[in-house]
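# Tertiary structure, described
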Amino acid sequence: MEVKIITKILKANDEVAAELRREFDGKKIFCINLMSSPGSGKTTLLEKTIEGMKEKTKIGVIEGDITTSIDAERLQKTGAEVVEINTKPFGGDCHLEAGWIRESFHQMEAKGLDLLIIENIGNLVCPAEFDTGAHKNIVMLSVAEGEDKPLKYPLMFHKSDLLIISKSDLIEIQEFDIGKLLDNVKKVNPDIDVIIVSARKNTGIEEWIGWLNKNISIKK
Amino acid sequence: MHELAIVQNMISEVEKSLCGMTVSSVIRVSIKVGEFSGVVPDSMQFAFEFAKEGTILENAALNIDQVAFKLRCRNCNKIFKMKDEFIYKCPHCDSTDAEVVSGKELFIESIEIEEE
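## Considerations on the overall build of chain A
Helix and strand counts for chain A stand at 9 helices and 8 strands. Taking 220 residues into account, the globule formula puts the C-alpha radius of gyration at 17 Å, and chain A, at 17 Å, falls close to it. Within chain A, the fraction of its 220 residues that count as buried is 55%. Looking at chain A alone, contacts between residues at least 24 apart form 74% of all its contacts between residues at least 6 apart.

So this is what it looks like as structure tokens:
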């Protein structure tokens, strides 16, 4: 006997993610899911971001890593509340799922929180598949990684609302062609926003913090 | 590698949907996977072979139906299919302004069961 069931395979994850988003909305928290390959500079950018915002904004970070607490310890030094998810006990998963985000979020002192940052596991493939409950998906790409990445990992760039191009101080050294990258990313996502930063040289950070503040105020 | 997590999610959705039914075994699970869903069918079959052990799907086959990646041009309104690259470029008018019509599917369509 054939039974028609038409059910989304990631239904359970999608439902938890939708519930979490409602919880964030109720608590007036703006949540972002930051994704990139390993070594693009997510943690360094977050250190600068938290330093630049913490006087006016209460920030929490959920730090995803397969193993080690190196990144979580770096971010704890900024004074932000950090909860770490190590996926090694789950088999070294390459992405974060909504259920783990919910559990980590509930360990936090959420009262008065304005911004919740999910630093996803460094990987341009798997995290794109799973809704984390965040309001915005952000993909970060350093200029050292090459202009072709949006074409090679289209789903990640397609699902993201914002592209942060990092390590812009290396553009000349890398002979990186920003125009070519923008052409490539628009081919897979014509609606994506773009911000170019260098955490080392402190350029573009103001624009990035402005983007965050604008979204935080929409949630208030 | 995320195909294993997706397969595990699929098995648990099948278990949920069969809850309350008297099923002796599941013969087949049919799913739709879009070309632009980020899931590799071969990896999914591979993961299914060991994820199904000890579950209600132990003796089941996995039938994967791939759905083509199709876009609708927002300029000329024609629907077009992507060939090698997942890019938004209309072959009729060269516009890069297009929306996805199909190819992002990831769902269970039906289950074939033997009742007790």
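And the narrative resumes.
## Observations concerning the sheet that holds strand 4 (residues 79-81) of chain B
Each strand in a sheet pairs with its neighbour through backbone hydrogen bonds, running either in the same direction (parallel) or in the opposite one (antiparallel). Residue and element names in this part refer to chain B. Pairing within the open sheet is antiparallel, and its 3 strands lie in the order 4-3-5. Either end of the sheet is taken by a strand with one partner, and the two such strands are strand 4 and strand 5 (98-102). Averaged over all neighbouring strand pairs, the angle between strand axes comes to 35°, with direction disregarded. Of the strand pairs in this sheet, strand 3 (residues 70-73) and strand 5 are connected by 4 bridges, and their pairing is antiparallel. Note that in strand 5 the partner of Leu-71 across the bridge is Val-100.

## Here's the deal with the interface of chain A and chain B
On the chain B side, the residues contacting the 30 residues of chain A number 34 residues. Buried area between chain A and chain B, both sides added, is near 2,800 Å², and the carbon and sulfur share of it is 65%. Among the residues of chain A in contact with chain B, Met-1, Ile-5 and Ile-9 of chain A are the three that bury the most area, contributing 25% of the side total. Summed over the shared surface of chain A and chain B, the number is 1 salt bridge. Across the salt bridge formed by Arg-74 of chain B and Asp-191 of chain A, the nearest N and O atoms sit 4.0 Å from each other. The tally of links between chain A and chain B comes to 11 residue pairs in polar contact (both at pLDDT 80 or more). Secondary structure elements with two or more residues in the side of chain A that touches chain B: strand 1 (2-8), helix 1 (11-26), helix 6 (154-159) and helix 8 (178-188) of chain A. The element contributing the most residues to the side of chain A that touches chain B is strand 1 of chain A, with 7 residues. Tallied by class, residues from the side of chain A that touches chain B come to 16 nonpolar, 5 polar and 9 charged.

## A look at the environment of Lys-48 of chain A
All names here are of chain A. Looking at where Lys-48 falls in the secondary structure, it is placed in helix 2 (residues 42-53). Sequence spacing of Lys-48 and Ile-205 is 157 residues, and the spatial spacing of their C-alpha atoms is 7.8 Å. Ignoring anything within four residues of it in the chain, the contact list for Lys-48 reads Ala-199 and Asn-202.

Quick notes on the rules
- Residues numbered from 1 in each chain as written.
- Chains lettered and ligands numbered in written order.
- Predicted model: local features only at pLDDT ≥ 70, side-chain atom pairs only at ≥ 80, totals over all residues.
- Heavy atoms only, no water.
- Helix = DSSP H or I, 4+ residues; strand = E, 2+ residues; numbered from the N terminus.
- Rg over C-alpha atoms; globule rule 2.2 N^0.38 Å.
- Buried < 20%, exposed > 50% of the residue type's maximum accessible area, 1.4 Å probe, protein only.
- Contact = heavy atoms within 4.5 Å.
- Pairing = 2+ DSSP bridges.
- Axes fitted to C-alpha atoms, helices over the stretch in contact; angles between N-to-C directions.
- Buried area = accessible area lost by both parts, 1.4 Å probe.
- Salt bridge = Lys/Arg side-chain N within 4 Å of Asp/Glu carboxyl O.
- Polar contact = N/O pair within 3.5 Å; in protein donor to acceptor, adjacent residues only side chain to side chain.
- Nonpolar A, V, L, I, M, F, W, Y, C, P; charged D, E, K, R; others polar.

Purely spatial values, then, with no claim about function.
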